[in-house]
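Fold and geometry: a report
One letter stands for each residue in the lines below.
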Amino acid sequence: MVKIPFLDSHTGGEPTRLIPSLPFDLGVGSVADKLSALKAHHDDLRRTVLLEPRGSDVLVGAYLVPPADPTCQFGVIYFNNVGYLGMCGHGTIGLIASLAYLGKVQPGIIRVETPVGIVEATLHGGSSSEAYRDPPHYPNKVSVKNIPAFRHLAYIPIEIDGKTIHGDVAWGGNWFFLVHDHGMDVDMSNLEALTDFAWRVREQLTARGITGAGGAEIDHVELFASTPDADSKSFVLCPGKAYDRSPCGTGTSAKLACLYGDGKLQIGQTWKQQSVVGSVFEGSVQIQDNRIIPTVTGEAWVMSEGAILVDERDPFGKGI
Ligand code: PYC
């Protein structure tokens with residue numbers, strides 16, 4: 001029987017399953033090198049951790065790995081039901097809150113190496129946090145200063161059901177297609193139609209050969225709408241066809257880069273992005289070396305801990 005400890009959190013409703021230590025060695029390279037080794041030799045662990053019958057399509061996993069960069073305290077590799085993510089905003093908020101729960105970090109700045117670059121998380125705490133004053137609790141509000149975000153293509157037309165819609169292709173740690181003129185109701189009562197529509201957008205992008213920089217696949221679709229409760233509301237479809245319950249940290253970063261590019265967001269101005277389930281991230285941008293650096297803030301909550309048990313005799317022990 002193999003036993004792998006895990007800790008589950010959610011960030012604005014979107015779960016993160018943290019695996020604090022891997023049952024094998026990935027060598028001494030960068031986190032990007034470790035991701036290559038995982039893809040080549042250990043993809044069965046991703047399936048074991050996330051797929052049914054143990055997991056579900058909604059779960060995002062996070063492997064905690066040693067960083068190669070000496071300025072970082074941690075390395076992390078995010079994964080989902082179909083593969084691996086470059087970065088994950090809700091996952092990083094969940095990771096840091098989980099590490100706080102485990103007593104491995106204190107309020108302050110924590111640098112984390114990801115396969116696509118270094119992110120800087122700030123774990124908030126201190127006198128303004130009621131939760132932190134109560135000893136059994138842990139600080140859970142985190143700001144993530146992301147890698148640089150940018151818009152790659154603007155106002156690209158695609159046709160869905162004979163109707164032309166337009167989207168921007170932008171990078172926020174993953175590749176996104178951001179659509180405003182979709183005409184869909186961004187509401188929980190409309191999840192099936194939103195999923196179907198966003199999936200068809202993805203199919204059209206593939207069929208038309210519309211990609212991110214260097215031919216990268218655009219594997220996330222964001223449909224935006226207005227709301228009285230925030231600056232914008234969004235439905236985000238993830239690569240494995242599950243929708244993001246959070247406002248999506250990398251998706252919000254991509255959105256912030258487009259807003260800044262359009263002159264609709266000033267440096268340091270706060271943007272409130274609401275998810276389809278109603279959770280909110282606050283975002284802002286700063287400029288460093290002529291690049292747009294987004295910061296996204298949210299809260300995460302630990303919700304279960306335990307161990308994955310893999311019985312070698314179980315025909316579905318490594319996922320369906
Ligand atoms: O928060 O960046 C994010 C994210 C990506 C996929 C799911 N959540």
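Going by the structure above, here's the rest.
Below is a summary of the structure that appears in this document.

1. What about the pattern of salt bridges?
Inspection of the entire model under this criterion finds eleven salt bridges. Here Arg151 ties to Asp168 by a salt bridge, and the two come within 2.7 Å at their closest N and O atoms. Remark: Asp168 occurs in strand E10 (residues 163-171) and Arg151 occurs in strand E9 (residues 150-160); sequence separation between them is 17 residues. Of the charged contacts, one joins Asp311 and Arg313 as a salt bridge, the two residues approaching to 2.6 Å between their closest N and O atoms. Among the ionic contacts, a cluster of salt bridges with common partners joins Arg151, Asp168 and Asp262.

2. Concerning helix H2 (residues 43-50)
Considered for burial, the residues of H2 that qualify are Leu45, Arg46, Thr48, Val49 and Leu50. Elements in contact with the buried residues of H2: strand E1 (2-11), strand E2 (14-19), strand E3 (60-65), strand E4 (74-79), strand E5 (84-85) and strand E16 (291-310).

3. Some remarks on the site of the ligand
If you check the shell around the ligand, you find Cys88, Gly89, His90, His220, Cys238, Asp244, Cys248, Gly249 and Thr250 and nothing else. Asp244 is positioned such that a nitrogen or oxygen atom in its side chain is 2.8 Å from a nitrogen atom of the ligand. Of all the secondary structure elements, the ones that give two or more residues to the shell around the ligand are helix H3 (89-101) and helix H6 (249-261). When the residues that make up the shell around the ligand are grouped by side-chain class, the tally is three nonpolar, five polar and one charged.

4. Considering the packing of aromatic side chains
This structure, assessed with the given rule, holds six aromatic pairs. Taking 6.4 Å as the distance between ring centres and 50° as the angle between the ring planes, the aromatic pair formed by Phe79 and Tyr84 counts as tilted. Here the two residues Phe79 and Tyr84 agree in accessibility, since each one is buried. Feature note: the residues Tyr63, Phe79 and Tyr84 constitute an aromatic cluster, connected by ring pairs. The ring of Phe6 carries the charged tip of Arg17 above its face, separated from the ring centre by 4.6 Å. One Lys or Arg, Arg46, reaches over the ring of Tyr84 and ends 5.9 Å from the middle of that ring.

5. Thoughts on H3
Here H3 is 13 residues long and its end C-alpha atoms lie 18 Å apart, about the 18 Å a rise of 1.5 Å per residue gives. Burial of H3 is extensive: twelve of the 13 residues sit out of reach of the surface. Listed in full, the buried residues belonging to H3 are Gly89, His90, Gly91, Thr92, Ile93, Gly94, Leu95, Ile96, Ala97, Ser98, Leu99 and Ala100. Immediately downstream of H3, the backbone of Gly103 shows phi near 80°, a positive value.

6. Focus on the side chain of His166
Positionally, His166 belongs in strand E10. On the basis of relative accessibility, which here comes to 17%, the residue His166 falls in the buried class. Within polar-contact distance, the side chain of His166 engages the side chain of Asp181 at 2.7 Å. Filtering out sequence-adjacent residues up to four positions away, His166 remains in contact with Tyr155, Ile156, Pro157, Phe177, Leu178, Val179, His180 and Asp181.

7. Description of empty space enclosed by the protein
Under the definition given, this model contains two cavities of 30 Å³ or more. Volume-wise, the largest cavity comes out at about 160 Å³. Taken together, 24 residues form the lining of the largest cavity, with Glu14, Val60, Leu85, His220 and Cys238 sitting closest to its centre. Looking at the lining of the largest cavity, the elements that each hand over two or more residues are H3 and H6. Here the lining of the largest cavity is composed, by residue class, of eleven nonpolar, ten polar and three charged.

8. A look at the pairing of E16
As judged from the ten bridges shared by E1 and E16, these two strands associate in the antiparallel manner. Following the sheet pairing, Lys3 is matched in E16 by Leu309. Pairing analysis gives five bridges linking strand E8 (residues 141-145) to E16, with the strands arranged antiparallel. Along E16, the bridge assignment pairs Val144 with Val296.

9. A word on the environment of Val201
Structurally, the position occupied by Val201 is in helix H5 (residues 191-208). Taking C-alpha positions, Val201 is 27 Å from Ile293, a pair spaced 92 residues apart along the chain. With sequence-adjacent residues up to four places away left out, Val201 is seen in contact with Ile158, Ile160, Ile165, Phe177 and Val221.

10. Here we look at the side chain of Thr295
Along the chain, Thr295 turns up in strand E16. Residue Thr295 is classed as buried on the basis of its relative accessible area of 16%. Not counting chain neighbours up to four residues away, the residues in contact with Thr295 comprise Ser143, Val144, Lys145, Leu256, Glu282, Gly283, Ser284 and Gln286.

Calculation rules
Residues numbered from 1 in each chain as written. Predicted model: local features only at pLDDT ≥ 70, side-chain atom pairs only at ≥ 80, totals over all residues. Heavy atoms only, no water. Salt bridge = Lys/Arg side-chain N within 4 Å of Asp/Glu carboxyl O. Helix = DSSP H or I, 4+ residues; strand = E, 2+ residues; numbered from the N terminus. Buried < 20%, exposed > 50% of the residue type's maximum accessible area, 1.4 Å probe, protein only. Contact = heavy atoms within 4.5 Å. Near = heavy atom within 4 Å. Polar contact = N/O pair within 3.5 Å; in protein donor to acceptor, adjacent residues only side chain to side chain. Nonpolar A, V, L, I, M, F, W, Y, C, P; charged D, E, K, R; others polar. Phe/Tyr/Trp six-rings, centres within 6.5 Å; stacked < 30°, edge-to-face > 60°. Lys NZ or Arg CZ within 6 Å of the ring centre and 35° of its normal. Expected span 1.5 Å × (residues − 1). 1 Å grid on protein atoms, 1.4 Å probe; cavity = no way out; pocket = protein on both sides within 12 Å on 5 of 7 lines; lining within 4 Å. Points joined across faces, edges and corners; volume = space filled by probe spheres on them. Pairing = 2+ DSSP bridges.

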